[in-house]
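Structural features, examined
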2 protein chains.
Amino acid sequence: MSGALAEAPPAAAIDSVETQSCFDVIELLFFAYRDFVSDPDRILTDYGFGRAHHRVLHFVNRQPGLTIAELLDILRITKQSLNRVLKELVEKGFVEQRTGVQDRRQRLLFPTVKGRDLALALSRLQGERIRRAIERCGEDDRQAALRFLFAMIDENDRDHVARLVYGAGQRKGQ
Amino acid sequence: MSGALAEAPPAAAIDSVETQSCFDVIELLFFAYRDFVSDPDRILTDYGFGRAHHRVLHFVNRQPGLTIAELLDILRITKQSLNRVLKELVEKGFVEQRTGVQDRRQRLLFPTVKGRDLALALSRLQGERIRRAIERCGEDDRQAALRFLFAMIDENDRDHVARLVYGAGQRKGQ
DNA sequence: TCCGTTACGTCAGCCTTATTGACATATCTC
DNA sequence: GAGATATGTCAATAAGGCTGACGTAACGGA
């Protein structure tokens, strides 16, 4: 446009106290997540997978018998996006689909042994980073961080996430 | 590929204690980040921007006078990827580039007033979520979460991040 | 002053992950 | 049987990332 490119005054001069005090959370969340998700990348490319495959495999492994609808709700992507990566995971023998028992329209998702092994290898890698972090900051900070992260989730979704994270295990299906 | 699709036994039966105890961090980090980055999306699309633009604008605003090399180190993307979004931010008048004073090879990045306003509007939105979280879990948990998140960052990068997050402000350049 | 290095920009092509919209099929439920 | 639900799929598109190669300008030391 006509580009009146006036320079902005320094941030500290304008920011409200509230905005200023949030930059640390905003930025540390960015950096922690950046490094956290980068760990599994090398292993994943060995299998021809990306981060999307990782996410699907993780939650299928965590909650065997998961339905497509539930997985879509967790990942917040479209079914077309999910279908692409899921199809690859099934074709390569990492995930198995079974027709639901109570509701035969559903496709329940289960990890194969191979899928479990990969999912656990990836979790182990991320777990190493987490354990190193706990060594630095202590178990109390980890517990507090869990409470804080949980409080950062959309209010409508917290019950669902709590069940998934703390109440997960074998579900319905065969 | 001959597909012996044996089902894996339930996770609890195999997981080591160490692996098991990391699932909560892995998953809450995923859900918190998922919701955290989704807040600014609606505003961003109004401007024809995406999350990549947001990240660039945020750090340019936080550290006026940032160089391209420093920004690449923060974002961990290639200069080609950065250049695409940066060019759009400059063309639309949200970021201004100036030739470095001490080193004329460098292009120092500054937010325009327009850029600052947008960056702060986006931070404010994310700050609201953070403040709601603190209301739920308390200031102590926030402080602890910051320590935990910091410890999750690559060791080599912690000093750099600490300077950026806690020691940021106006830098070199006119 | 010359030369190697550094900082940055750019062209070209490609991949992954996501989107929207439309439509098909099987199954459940009333 | 009819409508709603769960899933699969085709097609087109966009965002955001990548590699590789090459060009230019500026720095900095021998």
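Data block above holds the structure.
Residues numbered from 1 in each chain as written. Chains lettered and ligands numbered in written order. Predicted model: local features only at pLDDT ≥ 70, side-chain atom pairs only at ≥ 80, totals over all residues. Heavy atoms only, no water.

Here we look at the packing of aromatic side chains
Counted only if it meets this: Note on aromatic contacts: the rings of Phe and Tyr and the six-membered ring of Trp form a pair at centre separations within 6.5 Å, being stacked when their planes are under 30 degrees apart, edge-to-face when over 60 apart, and tilted otherwise. Secondary structure elements are taken from DSSP: a helix is a run of H or I of four residues or more, a strand is a run of E of two residues or more, and numbering for both begins at the N terminus. Type-normalised accessible area, obtained with a 1.4 Å probe on protein chains alone, sets the label of each residue: buried when under 20%, exposed when over 50%, and partly exposed for intermediate values. The rule for a charge over a ring is simple: NZ of Lys or CZ of Arg within 6 Å of the ring centre, and within 35 degrees of the ring normal.
Evaluation of the coordinates by the stated rule reveals 15 aromatic pairs over all chains. Centre to centre, the rings of Phe31 of chain A and Phe59 of chain B are 5.7 Å apart; their planes meet at 55°, and the pair counts as tilted. Placement of Phe31 of chain A in helix α3 (residues 23–38) and of Phe59 of chain B in helix α5 (residues 51–62) is noted, with the two residues assigned to different chains. As far as the burial class goes, Phe31 of chain A and Phe59 of chain B line up, both buried. Taken together, the ring pairs connect Tyr33 and Phe36 of chain A together with Tyr33 and Phe36 of chain B into an aromatic cluster. Here Arg98 of chain A stacks its cationic end above the ring of Phe110 of chain A, 4.1 Å away from the centre of that ring. When the ring centre of Phe94 of chain B is taken as reference, the NZ or CZ atom of Lys114 of chain B above it lies at 4.8 Å.

Here we look at the protein's contact with DNA strand D
The test is simple: Whether a residue is near a molecule or strand depends on its heavy atoms: if one lies within 4 Å, it is near. Two N or O atoms count as a polar contact when they lie within 3.5 Å, although within protein this holds only if one can serve as hydrogen donor and the other as acceptor, and sequence-adjacent residues are included solely when both atoms are side-chain atoms. Ten residue types, Ala, Val, Leu, Ile, Met, Phe, Trp, Tyr, Cys and Pro, are classed as nonpolar, four, Asp, Glu, Lys and Arg, as charged, and the remainder, Gly among them, as polar.
In the neighbourhood of DNA strand D, 26 residues make up the surrounding shell, with Lys79 and Arg105 of chain A together with Arg55, Thr78 and Gln80 of chain B lying closest. Atoms of DNA strand D within 4 Å of the protein belong to the sugar or the phosphate in 60% of instances, the rest to bases. A distance of 2.8 Å separates a phosphate oxygen of DNA strand D from a polar backbone atom of Arg51 of chain B. Within the contact set of DNA strand D, a base oxygen lies 2.7 Å away from a side-chain nitrogen or oxygen of Gln80 of chain B. When contributions to the surface near DNA strand D are tallied by element, the ones reaching two or more residues are α6 (68–75) and α7 (79–91) of chain A together with α5 and α7 (79–91) of chain B. Class assignment for the residues of the surface near DNA strand D results in 4 nonpolar, 11 polar and 11 charged.

Describing α5 of chain B
All names here are of chain B. Applied cut-off: Take the number of residues in a helix, subtract one, and multiply by 1.5 Å to get its expected span.
Taking 1.5 Å per residue as the helical rise, α5 with its 12 residues ought to reach 16 Å, and the 16 Å between its terminal C-alpha atoms agrees with that figure. With 9 of its 12 residues buried, α5 lies for the most part within the structure. Regarding α5, the residues found buried are His53, His54, Val56, Leu57, His58, Phe59, Val60, Asn61 and Arg62.

Examining the side chain of Arg129 of chain B
Just so we agree on the cut-off: Contacts are assigned to residue pairs that have any heavy atoms within 4.5 Å of one another.
Along the chain, Arg129 of chain B turns up in helix α8 (residues 113–137). The exposure class assigned to Arg129 of chain B is buried, which follows from its relative accessible area of 5%. At 2.6 Å, the side chain of Arg129 of chain B forms a polar contact with the side chain of Asp39 of chain B. Every residue in contact with Arg129 of chain B, bar those within four places of it in the chain, is listed here: Met152, Ile153 and Asp154 of chain A together with Asp35, Phe36, Ser38 and Asp39 of chain B.

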